[in-house]
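Observations on the model geometry
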Amino acid sequence: MPTSDAPARGTLYVVATPIGNLDDITLRALRVLGEVDLIAAEDTRRTRVLLEHHGIRGRLVAYHDHVESERAGELVQRLLRGESVALVSDAGTPLIADPGYRLLRAAADAGVPIVPVPGPCAPIALLSCAALPTDRFTFVGFLPSRRSARRRVLLELAGRRETLVFLESPRRLGAALADLCDILGAERPAVLGRELTKRFEEVRRGTLGELAARLATSPGAETAADEESNDDETEVDETDADASDADVKPNAEVEPEAEPSSPGRIRGEIVLAVGGAAGDGDEPARSSAATRPADLDAFLRARLASGDSVAAAARAAVQELGVQRREAYRRASDVRRSL
């Protein structure tokens, strides 16, 4: 499959674009974007800024959540007619917490060649500098916005030994950290990255408890976070996405940067990496010695709070954490009495 010559006819290119700094893009990505017949962009305004920054004149069409179902079929038909198409998200690698699945599924089913053009990805960028184990990790993405659903997801992850990677909006970060502390354990090592590759880039290290405490120190933190509109629930209006770029001024970033964070206030796009249950990232030994008491208690507390009986919670701990049955029942009984 072609990777170095001019874009092949009837080929779909999945192109990674910068997550902040517009110079973080490969030469190959620039070539492909400049030569394909059409660029399907999650946000045409942001992509236009990128293209103008690099002197590229490309034909753009909006491809976001609101039009994905209908536009996927249209794009596949164009591909089958021999046109080359590049898929880009508003920032980073398409399909990683961004639209694109329906298009790729339809293209694959139709026998259309699909070529990756790799590059920036916010979760990988944080992992590369987090100083947490990366031999195994799970990308969770955005947690549910509703607390009950979020806690159910975290309960399923409580016993995982690998590093966990989350995306979160500033508005919900405090609530998410509180649930992470309660279910995974406040002593878990964690790294929080915000505005990666931008001027106010920040990487905070500590335990989940320390990160949560720092966020909670500002009386106005929640009000400030509520002002953030750039989160995973932000809806993109199709008219806006296809709007004229008359009011867009190309600069060194994909989008305007958030202000610097104050000691307790978090602004900007968030990636959070959390150490696994074993604590050291080494062999996931399934024995009670490998599970720290705080992890076990947090797991049992969450199960009991969700309605499990002592016996059911203990059985889950044996199956998912690998602790000894006697220890699981003893700790479950103690946790029940403390609730």
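Let me begin by describing the structure that accompanies this report. These numbers were taken from a predicted model, which means no experiment stands behind them.

Description of the pattern of salt bridges
Going through the model one piece at a time under the given rule, you end up with 23 salt bridges. R147 serves as the salt-bridge partner of D179, at 3.4 Å between the closest nitrogen and oxygen. Within this pair, whereas D179 is found in helix α7 (residues 170-184), its partner R147 is found in helix α6 (residues 147-157), the two being separated by 32 residues in sequence. Note on D179: relative accessible area 2%, which makes it buried.

Regarding the pairing of strand β1 (residues 12-15)
Judged by which residues are buried, β1 turns out to be covered on both faces: L12 and V14 on one side and Y13 and V15 on the other are all buried. When β1 meets strand β4 (residues 85-88), the two strands line up parallel, connected through three bridges. Among the inter-strand pairings, Y13 is bridged to a residue of β4, identified as A86. Looking at chain direction, β1 and strand β5 (residues 114-117) are connected through four bridges and run parallel. If you follow L12 over to β5, its bridge partner there is I114.

Observations regarding the environment of A86
With respect to the secondary-structure elements, A86 resides in strand β4. Taking the relative accessible area as the measure of exposure, A86 reaches 0% and is therefore buried. Considering only alpha carbons, one finds A86 and A41, 45 residues apart in sequence, at a separation of 8.3 Å.

Points about the packing of helix α3 (residues 68-80) against helix α4 (residues 101-109)
Their axes nearest at 9 Å, the elements α3 and α4 cross at an angle of 35 degrees. For α3 against α4, the interelement crossing comes out right-handed. Of the residues in α4, those touching α3 at E68, S69, A72, L75 and V76 are Y101, R102, L103, A106 and A107. Split into classes, the residues belonging to the contact of α3 with α4 amount to seven nonpolar, one polar and two charged.

So, the nonpolar core
Judged by nonpolar contacts, the single largest core of 37 residues is most densely connected at F166, L177 and L272. Looking at this core element by element, the count peaks at seven residues for α7. Counting residues in hydrophobic clusters, the runner-up holds 21 residues, among them A8, V32, I39 and V49.

A short note on the sheet that holds strand β7 (residues 163-168)
If you trace the five strands from one edge of the open sheet to the other, you get β6-β7-β10-β8-β9, paired in mixed fashion. The sheet is open, and its two borders are formed by β6 (137-142) and β9 (202-207), each paired with just one other strand. Recorded for the sheet is a direction-independent mean angle of 15 degrees between the axes of neighbouring strands. Here helix α5 (residues 122-129) sits on the sheet in contact with β6, β7, β8 (189-194), β9 and β10 (270-274), set at roughly 50 degrees to β10.

Parameters and conventions
- Counting restarts for each chain, with residues numbered from 1 along the sequence as it is written.
- Owing to the predicted nature of the model, reporting of local features is limited to residues with pLDDT of at least 70; listing and counting of side-chain atom pairs is limited to 80 or more, with chain, interface and lining totals taken over all residues.
- Think of the side-chain values as coming from all heavy atoms in the structure, minus any hydrogens and water.
- We define a salt bridge as a contact between a side-chain nitrogen of Lys or Arg and a carboxyl oxygen of Asp or Glu at a distance within 4 Å.
- Here a strand is any run of E in DSSP of at least two residues, a helix any run of H or I of at least four, and the numbering for each starts at the N terminus.
- Burial classes follow relative accessibility: with a 1.4 Å probe on protein chains only, a residue under 20% of its type's maximum area counts as buried, one over 50% as exposed, and anything between as partly exposed.
- In short, DSSP must find at least two bridges between two strands for them to pair.
- For helices, the axis comes from a line fit to the C-alpha atoms of the stretch in contact; other axes are also lines fit to C-alpha atoms, and the angle between any two N-to-C directions lies between 0 and 180 degrees.
- The hand of a helix crossing depends on one turn: near helix anticlockwise from the far one by less than a right angle means left-handed, and clockwise means right-handed.
- By definition in these notes, contact holds between two residues if any of their heavy atoms fall within 4.5 Å.
- Throughout this entry, Asp, Glu, Lys and Arg are counted as charged residues, while Ala, Val, Leu, Ile, Met, Phe, Trp, Tyr, Cys and Pro are counted as nonpolar. The remaining residues, Gly among them, count as polar.
- Each nonpolar core is a collection of buried residues, namely Ala, Val, Leu, Ile, Met, Phe, Trp, Tyr and Cys, held together in the definition by side-chain atoms within 4.5 Å.

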